[in-house]
Amino acid sequence: MKPVRALTSSCLTTALCSLLLGLPLHAPALEPHPHLAAEVFALVDQHFLDRSAFDRSRWAHRTQRPMAEPEARSEATALVRSLGDRYSRILPPSELARLLRKYDTSGGLNLLPSDERHSLVVGAAPASGSALARAGVSLGDVLLQLDGRDARRMTLDEAEWRAAQPDLLTARLLPHRGGAPYDVRLERVATPPRVEASRFASTGYVRLREFTASTGRLTRDALRRLDAEGAEAVVLDLRGNGGGAFSEAMRVAGLFLGEGAVVRTEGVDGTEEVHRSLEPQAWARPVEVWVDWRTASSSEVVVGALQDGCRATAVGIGRTYGKGVAQRVYGLSDGSALVQTILREQTPAGRQILGGLAPDEQRVFASSLVGRSALAVDVRHASFKPPQCPRAASAQEAPPWRTQRGPKFASSFTPVIFAAWLGAGGIAAWLSSRSVPTQ
């Protein structure tokens, strides 16, 4: 899920919403929710970013009446489609399990912030048959501790960062249906390596194809290895990176920035929040970041943070994809989930990501034309120019986010590049580049 920032869940009933107002050690029993359509209506009504696209009165009438399960599922699907948002959708349990296995960074708990309680809760039911499911973890359980550390006032960013640390073992949860707190051992998400690292003379090269639950850790390992090998500068290649786990993008940005602001977000009610990395800096030497029109979502967050933090010059042709909005995953009571757009994103300096980020230097990459065989040429031409600082927010407002229809080149060089790409055997090069890289 490229653009996915955090994993979240719904207030399934008025009873759960009441529970989230305080911090009792025992919770009242939860009444079953009327049906799926009413659940989805409540979530869209509370969190969906574009209020103008949601016909509240129409869907309140359609979803609040009693209905059988098949009809409720059909109405829920119709409601989400009516929003006209290509990022919002309902995931069946099997797709949700695959998504969480790849992108969940909270040790299998799929955490979300509760608006009312200022605490964190399990945002989606663990996959059937998993160790957490066997331990009794369920949707809505409240996080009390992470390895003995009080988590009841912990932000989602901090909890996900702590859960990603290699020495974290256990969490204490409070059942949302009542009962005594219980401890569970956190799971580690096993994902294929998606970090490619190599060295060309004194220049290191790190390519991230997406942000999975292991990207931050693998990137830190790659930077340490390059440092030990004597690399004096690093190219961070984000071409073709469509995004992924928001928290891992925060970690990667922190590896170059240290602890500091990575991205600003604005929610449906206009509430703004600055998200800061807690990751210690792992690379303080020069950085150049490579981008293209497929650099999207979480990878754009990294680019904007490195630019605004005066840590890197962005190089490429045309603007990045320009997604500029983030989604959360809300677990539903039947084991499925609602993915919906809830946040608008800006760089730390207040530049809009919608419409794309412009590179600091226009450069055509030989490896984009003929494939990996030309990578050494591109790395050799990395200039590592001092980044532009300070940066100011763009005076031009971003276009309405729902009008963004897909990736595009934002450059007058497009016809020339495309013709050269075809002439140089670009299709064959592209096909050969689809193989999974080795670390």
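Residues numbered from 1 in each chain as written. Predicted model: local features only at pLDDT ≥ 70, side-chain atom pairs only at ≥ 80, totals over all residues. Heavy atoms only, no water.

Where helix H3 (residues 56-63) contacts helix H4 (residues 69-82), the axes come no closer than 11 Å and their chain directions differ by 175°. On the basis of their axis angle, the class for H3 and H4 is roughly antiparallel. Across the interface between the two elements, Arg58, Trp59, Arg62 and Thr63 of H3 pack against Glu75, Ala78, Leu79 and Ser82 of H4. Here the residues of the contact of H3 with H4 are counted per class, giving three nonpolar, two polar and three charged. (Axes fitted to C-alpha atoms, helices over the stretch in contact; angles between N-to-C directions. Helix = DSSP H or I, 4+ residues; strand = E, 2+ residues; numbered from the N terminus. Parallel < 35°, antiparallel > 145°, perpendicular 65-115°, else oblique. Contact = heavy atoms within 4.5 Å. Nonpolar A, V, L, I, M, F, W, Y, C, P; charged D, E, K, R; others polar.)

Moving on, we get to helix H7 (residues 156-163). Each α-helix turn comprises 3.6 residues. Residues three or four places apart therefore point the same way. The buried fraction of H7 is high, at six of eight residues. Here H7 has its buried residues at Leu156, Asp157, Ala159, Glu160, Trp161 and Ala163. (Buried < 20%, exposed > 50% of the residue type's maximum accessible area, 1.4 Å probe, protein only.)

Spatial ordering of the open sheet is given by S9-S10-S11-S14-S15-S18, a layout of six strands whose pairing is mixed. Of all the strands in the sheet, the pair left with one neighbour each is strand S9 (195-200) and strand S18 (361-362). Of the strand pairs in this sheet, strand S11 (residues 233-237) and strand S14 (residues 287-290) are connected by four bridges, and their pairing is parallel. Pairing of Val235 across the sheet is with Glu288, part of S14. (Pairing = 2+ DSSP bridges.)

Under the defined criterion, the tally for this structure stands at 24 salt bridges. Taking the shortest distance from any N to any O, the salt bridge between Asp45 and Arg56 comes out at 2.9 Å. With Asp45 in helix H2 (residues 36-47) and Arg56 in helix H3, this residue pair connects regions lying eleven residues apart in the sequence. In this structure Asp45 comes out as partly exposed when scored by relative accessible area, which is 21%. One salt bridge in this structure joins Glu210 and Lys102, with 3.2 Å as the shortest N-O distance. Highlighted residues: Glu210 in the loop between strand S10 (203-208) and helix H8 (215-228) and Lys102 in helix H5 (residues 93-103), separated in sequence by 108 residues. The exposure class assigned to Glu210 is buried, which follows from its relative accessible area of 4%. Assessed through its relative accessible area of 30%, Lys102 is described here as partly exposed. Bridged by salt links that share partners, the residues Arg62, Arg65, Glu71 and Glu75 form one connected network. (Salt bridge = Lys/Arg side-chain N within 4 Å of Asp/Glu carboxyl O.)

Per the counting criterion, the structure on display carries four aromatic pairs. On the basis of an interplanar angle of 55° and a centroid distance of 5.7 Å, the ring pair of Phe41 and Phe54 is categorised as tilted. Of this pair, Phe41 sits in helix H2 while Phe54 sits in the loop between H2 and H3; the two residues are 13 residues apart in sequence, bridging distant segments of the chain. The pair Phe41 / Phe54 is uniform in exposure class, with both members buried. When the centroid spacing of 6.2 Å and the interplanar angle of 85° are considered together, the rings of Phe200 and Tyr205 count as edge-to-face. Relative accessible area serves as the criterion here: at 24%, Phe200 is assigned to the partly exposed category. Residue classification places Tyr205 among the buried residues on the basis of a relative accessible area of 1%. A network of ring pairs unites the aromatic residues Phe200, Tyr205, Trp290 and Phe365 as a single cluster. When the ring centre of Phe365 is taken as reference, the NZ or CZ atom of Arg239 above it lies at 4.7 Å. It is Lys323 that lies over the ring of Tyr87; its NZ or CZ is 4.4 Å from the centre. (Phe/Tyr/Trp six-rings, centres within 6.5 Å; stacked < 30°, edge-to-face > 60°. Lys NZ or Arg CZ within 6 Å of the ring centre and 35° of its normal.)

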